[in-house]
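Below are the chains, spelled out letter by letter.
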Amino acid sequence: MSDREGAGASAAEGDADAEADEPAWRRYFGYDEPYENQPDAVESAIQVGRANGYLAMEGPCGTGKTMAALTAAATLVREDDYESVVVVTPVKQQLDQFVEDLRVINSGLDQPLDGIALVGKRDLCPYGREDVFPRDASVHDRCEDLREDTAHLVESDGGSEAHRPAAADAAVPGDGDEDDQWWDPQRASDLAKAARRDPEQFNTMADDRLETAGVESPYRSEQPRAPEEMVDGDDPPLFCPFEADWYARNKGSPVDFTDGEENVLTSEQFLPESVVHGTCPHRAMSVLLGEADVVVGNYNHLFDPKSRPLLSAVLDENTFVIVDEAHRLEGRVRDLLSDRVGRHTLVRARNDCNQLLQLRGQSREHEREVDDRLSSHDVPVEAIETARDFYDDLVRWLDDRVTDHLDDEFGRGWERDLDSLPEEDLEVPLRDPEAEEVDDLTEWAESQDYTGGLWRSLAGVGTAIETTLDELGENRQCVAAAVGAVMGNWYERDHVTAFREIELEHSPSEKGATANPWQEVYTAGLLLYDCMPAEALRGIFDELGGGVLMSATLEPLDVFTRVSGLDAIERTGTGGLAASDEDPGRPVQTRSYGLGFPEENRASWQVDATAYTARNRGDPVRDHDNRVRDEYEQVLRTVARSPGNVMIAMPNYQEAAWAGDYLREVVEKPVLVDESSSNEATEELKREFFRGPGKVLVTSTRGTLTEGVDYDGDKLHACAVVGIPLVNIGSPRVRAVRTAYGRAFGDDVAFEYALTVPAVRRARQAIGRVIRGTEEEGVRLLVGERYGPDAVHSVHEYLSPAERREFVRMTPDFLASQFESFWSERTAPE
């Protein structure tokens, strides 16, 4: 053997030894070398996953959280610790990032992981996408009606309604036993073929085919009716040929994971492929998600009780979950679990009852038919009458309660000057937010003999009404069942974790077109507000095998684990029982990583100005000449004059307007002011900010421009967060949340957990917009003495350890020289 051959053999042996020494997860990692903190993040997630626990991880931009979490999940799936992975994120951009990183992982694997990204039904329905449906119904409702009618049409002779699941349930992969198959694939195939264009007119009907997503379907553009020979009667129903084709395929999908880039399917692949083959894209997606290794969706798919059934086949103890942007968890889940019923919807529920009662009264034959159908639901006609009376009385009570509230708040003359009413949403609390007591509506109802039995019956009564009207051919979009379900929750839920109020949404309407004067200004609704999402979150996480919850801003991690329900999981054993020596509970671990980009590229300053509180600063209009405002004017103009694009985040939009007006007078750069507006207006403002030379963008820290927006490259060079962006602490629902947190976690930490920590996370999100890459340079500022360690009501401890170490304190007087020094050492942006 030559020296070169010997050296080659030794090198090969060395490479083999090195590969053998590598941890198993390295073969699933998508890149040659991990970032500094990625190995620890991956190994921590694998360790906790194998123990059926959870990892709460904070990692700023550049940590590589997405790749780390997916690498750990891939390892756990491939080594048979878990069967599948579910990823949820509230940000579309992050969903795309998970898809991209999964494709990178798959590009290096001989056996790639099958992945799919979920999309809502509205975006997948071919008829809905092309605006074929009537305008009087939502895409979801119209789709469900067509699914139900199509299911009737494809039913085999031996089938029956007793064996056939509801149309919505039919989406679940693997439902039922094939021996109990209730649909006839041939009948379904014949039905789908009936919707195709006439082959004899192939050359003359080229424009008659339904097109969507850039492709042609096999079906005519109009909604088809069932062939007369397949139905009884003279009025063939409309049906969905895409749904029929799905049944013809025995609930199969014409799309395969190999149709996706690197075996990862998005709607860009399975939507057009399904349409070309004539199969419902939403059904195809449902089939594929049951077979996928990795499912990527949004928060609704996991946390919304209405959307979670879509994932029911893959949500169990064999599922590893990745929750992205977890700092948003409390707020988003609270919104998903809260129920609102508008006044107009209550009127519609009453009218649903009236419709059935009027139909019943048309003749003796109608009476018998309605009563027979209601009896199959164990609902007597008297229950319909009582429900109608309840909704009728409830609407009148609501109107009176709103009028009384406006009289109390604004005096009795407000009807003569509607312009004097506030141009903002209002809350009308129905109990003391800080007391555990029955709400005014429930008390009123019981005084009118509308007792608990009625409240509990309304959902069932509503279902009976909707089903009966549908079976009798009444074309009505009913709401009685949905309203009844909310009313049942209203009565049953406790009076600490659920807060009840009337919400008045500011929505001016045409004058004189409403029953009450206030309806020209506000839209009223009953709100059942969820104050304590931790209970629901604990239940969801307890049903899953384990997972990772991650964000750039989770600190303080001990607070996060408590308010997210993880702490309760850690303290209990299997099945929610108390932990013991034999069953010590499910582990919850935490990790916090610092910003990995070069520290010399950024300046981080905490400006020791007087605390910018509502009490100190006064009103921006009435108290313009205020000592505190004078002090902050100095800070604002110094920050605004910094080179390049500058963002100034004020505590709210009113303060942003004040700051913008002032800066337009004292700086030469263009000043853009954000306000609460439409998505289109916000996008245009953002585009204007990015165009041309440096500008100043003034916004609210609680707005949409301070998180979830990637200001990469030269889009942002400095960001100053002014004050602590607390929500309105006088709001009844905010007080109710604080009270509920006090009961759950202790009064001494209620304000901290419910208000202060979320506010500081918003501030941290805002300053996190500045440095998004290794080469980027910029300045981050936290303005106000409360960010310091020794101030009254200091929030210093709620920053991350890295931020507490890195932020340098200075007074406003030193700010200008520090800016000059920082940018003089670099190429200052324009």
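Refer to the preceding data block for the structure.
Note that the structure is predicted; figures quoted are calculated from it, not measured. (Residues numbered from 1 in each chain as written. Predicted model: local features only at pLDDT ≥ 70, side-chain atom pairs only at ≥ 80, totals over all residues. Heavy atoms only, no water.)

Colleague: Before we move on, could you go through the side chain of Thr89 and cite the residues and values that matter?
Modeller: Inspection of the secondary structure puts Thr89 in the loop between β2 (84-88) and α4 (92-107). If sequence neighbours within four positions are ignored, Thr89 has contacts with Gln94, Leu95, Gly297, Asn298, Tyr299, Asp324 and Glu325. (Helix = DSSP H or I, 4+ residues; strand = E, 2+ residues; numbered from the N terminus. Contact = heavy atoms within 4.5 Å.)

Colleague: Tell me about a negative patch on the surface, and name the residues and values.
Modeller: Judged by side-chain charge, Asp21, Glu22, Asp32 and Glu33 come together as a negatively charged surface patch. Overall, the relative accessible area of 70% leaves Asp32 in the exposed class. (Patch = residues over 30% accessible without salt bridge, like charges linked within 9 Å, V, L, I, M, F, W, Y side chains within 5 Å. Areas by Shrake-Rupley, 256 points an atom, 1.4 Å probe, with all protein chains shown as cover. Salt bridge = Lys/Arg side-chain N within 4 Å of Asp/Glu carboxyl O. Lys, Arg positive; Asp, Glu negative; His and termini not counted. Charge placed at Lys NZ, Arg CZ, Asp CG, Glu CD. Buried < 20%, exposed > 50% of the residue type's maximum accessible area, 1.4 Å probe, protein only.)

Colleague: Account for the sheet that holds strand β1 (residues 54-58), naming residues and giving values.
Modeller: One open sheet holds the 8 strands; their spatial order is β6-β3-β7-β2-β8-β13-β1-β14, and the pairing between them is parallel. The strands lining the two open edges of the sheet, one partner per strand, are β6 (264-265) and β14 (588-592). Sheet topology note: the strand β3 (residues 115-117)/strand β7 (residues 294-297) ladder contains 3 bridges and is parallel. If you follow Ile116 over to β7, its bridge partner there is Val295. (Pairing = 2+ DSSP bridges.)

Colleague: With reference to specific residues and values, describe the pattern of salt bridges.
Modeller: Scanning the model with the defined rule gives 56 salt bridges in all. As a salt-bridge pair, Glu367 and Arg364 come within 3.3 Å of each other at their nearest N and O atoms. Pair noted here: Glu367 and Arg364 are both in helix α15 (residues 364-375), with a separation of 3 residues, about one helical turn. Its relative accessible area of 24% is what places Glu367 among the partly exposed residues. With a shortest N-O distance of 2.8 Å, Arg629 and Glu655 are connected by a salt bridge. Here Arg629 is found in helix α24 (residues 627-640), whereas its partner Glu655 is found in helix α25 (residues 653-666), with 26 residues between them in sequence.

Colleague: Quick rundown of the nonpolar core? Include the residues and the values.
Modeller: Looking at soluble globular proteins, one finds that nonpolar side chains tend to be buried together. Core analysis: the biggest nonpolar cluster contains 55 residues, and Phe390, Tyr391, Met487 and Leu526 have the highest contact counts within it. Not counting chain neighbours up to four residues away, the residues in contact with Tyr391 comprise Leu346, Ala349, Arg350, Cys353, Leu458, Ala480, Val483, Gly484 and Met487. Among the nonpolar cores identified, the runner-up in size contains 48 residues, and Phe499, Ala766, Val770 and Ile771 belong to it. (Core = buried A, V, L, I, M, F, W, Y, C linked by side-chain atoms within 4.5 Å.)

Colleague: Give a detailed account of empty space enclosed by the protein, specifying residues and quantitative values.
Modeller: Space left empty within the atom packing is revealed by a probe, the size of a water molecule, rolled over the atoms. In total, this model carries 3 cavities of 30 Å³ or more according to the counting rule given. Lining the largest cavity are Lys121, Leu124, Cys125, Pro126, Phe133, Cys143, Leu146, Arg147, Cys240, Cys280 and His282. For the lining of the largest cavity, the secondary-structure elements that each account for two or more residues are α5 (121-124) and α7 (139-153). Considering only residue class, the lining of the largest cavity consists of 8 nonpolar, 1 polar and 2 charged. Surrounding the second largest cavity, Ala611, Tyr612, Thr613, Gly723, Ile724, Val783, Gly784, Glu785, Arg786 and Tyr787 form its lining. Looking at the lining of the second largest cavity, its residues break down into 5 nonpolar, 3 polar and 2 charged. (1 Å grid on protein atoms, 1.4 Å probe; cavity = no way out; pocket = protein on both sides within 12 Å on 5 of 7 lines; lining within 4 Å. Points joined across faces, edges and corners; volume = space filled by probe spheres on them. Nonpolar A, V, L, I, M, F, W, Y, C, P; charged D, E, K, R; others polar.)

Colleague: Tell me about unusual backbone geometry, and please be specific about residues and values.
Modeller: Glu555 connects to Pro556 through a cis peptide bond whose omega is -5 degrees. Along the polypeptide, Pro556 turns up in the loop between β13 (546-551) and α21 (557-563). Positive phi, close to 65 degrees, is recorded for Asp80, a residue that is not glycine. The class of Asp80 is exposed, set by a relative accessible area of 68%. With a phi angle near 55 degrees, Asn250 is a residue other than glycine that sits in the positive phi range.

Colleague: An account of the packing of helix α3 (residues 65-78) against α4 is requested, with residue identities and associated values reported.
Modeller: As a packed pair, α3 and α4 sit with axes 10 Å apart at the nearest point and diverge in direction by 55 degrees. As summarised for this structure, α3 and α4 are arranged oblique, according to the angle between their axes. Pair α3 / α4 crosses with right-handed handedness. Contacts between α3 and α4 involve Thr66, Met67, Leu70 and Thr71 from the former and Gln94, Gln97, Phe98, Asp101, Leu102, Val104 and Ile105 from the latter. (Axes fitted to C-alpha atoms, helices over the stretch in contact; angles between N-to-C directions. Parallel < 35°, antiparallel > 145°, perpendicular 65-115°, else oblique. Left-handed = near helix turned anticlockwise from the far one by under 90°.)

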